[in-house]
Amino acid sequence: MKDTTIEPVRHTPDAPARRDCLRCKAPFDSSGFGERICRRCKLSSTWRTSPQRGAVGAPGRRR
Ligand SMILES: [Zn+2]
């Protein structure tokens, strides 16, 4: 019996765990894949990075 008390915490970036967002430093549930940014920041960063993407809820209306 070796693996009884010692349950090594997975420090693998590919494992889903709760991490602190590197942007807002808020604890969020990382789904793995080396996710280090919360959904919020990710979303904002996404629509910020891709200006040609109209996937935002608000319609792109230019005045
Ligand atoms: Zn964040």
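See above for the structure.
Residues numbered from 1 in each chain as written. Predicted model: local features only at pLDDT ≥ 70, side-chain atom pairs only at ≥ 80, totals over all residues. Heavy atoms only, no water.

Draft legend 1. Structural view of unusual backbone geometry. One non-glycine residue, Lys 25, adopts positive backbone phi at about 60°. Position of Lys 25 among the secondary structure elements: in the loop between strand E1 (17-20) and strand E2 (27-30). When its relative accessible area of 67% is taken as the criterion, Lys 25 is described as exposed. (Helix = DSSP H or I, 4+ residues; strand = E, 2+ residues; numbered from the N terminus. Buried < 20%, exposed > 50% of the residue type's maximum accessible area, 1.4 Å probe, protein only.)

Draft legend 2. Representation of the pairing of E2 within the structure. One ladder, built from 4 bridges, connects E1 with E2; its direction is antiparallel. Bridging from a neighbouring strand, Arg 18 pairs with Asp 29 of E2. Following E1, the chain reverses through 6 residues before pairing antiparallel with E2; Lys 25 in that reversal takes a positive phi of roughly 60°. (Pairing = 2+ DSSP bridges.)

Draft legend 3. Looking closely at the environment of Ala 17. Considering the arrangement of structural elements, one finds Ala 17 in strand E1. Along the backbone, Ala 17 and Gly 32 are 15 residues apart, and their C-alpha atoms lie at a distance of 7.1 Å. Beyond its immediate sequence surroundings of up to four residues, Ala 17 is in contact with Phe 28, Asp 29 and Ser 30. (Contact = heavy atoms within 4.5 Å.)

Draft legend 4. Quick peek at the environment of Gly 34. Position of Gly 34 relative to the elements: it lies in the loop between E2 and helix H1 (39-49). Under the relative-accessibility criterion, Gly 34 is labelled partly exposed at 37%. Once the C-alpha coordinates of Gly 34 and Ala 15 are considered, the two residues, 19 residues apart in sequence, prove to be 8.0 Å apart.

Draft legend 5. Representation of the coordination of the zinc ion in the model. Distances from the zinc ion to its protein donors, Cys 21 (SG), Cys 24 (SG), Cys 38 (SG) and Cys 41 (SG), fall within 2.2 to 2.3 Å. Classification of the site at the zinc ion as tetrahedral follows from its 4 donor atoms and the range of 104 to 115° in their angles at the metal. In terms of primary sequence, the donors binding the zinc ion are separated according to C-x2-C-x13-C-x2-C. You can call Cys 38 buried: its relative accessible area is 7%. (Donors = N, O, S within 2.8 Å, 3.2 Å for Na, K, Ca; no water. Tetrahedral: all angles 85-135°; square planar, octahedral: opposite > 155°, others 65-115°.)

Draft legend 6. Local environment of the side chain of Glu 35. In this fold, Glu 35 is placed in the loop between E2 and H1. A residue is classified by how much of its surface remains accessible, and Glu 35, at 16% relative accessible area, is buried. Looking at Glu 35, its side chain comes within polar contact range of the side chain of Lys 42, at 2.6 Å. (Polar contact = N/O pair within 3.5 Å; in protein donor to acceptor, adjacent residues only side chain to side chain.)

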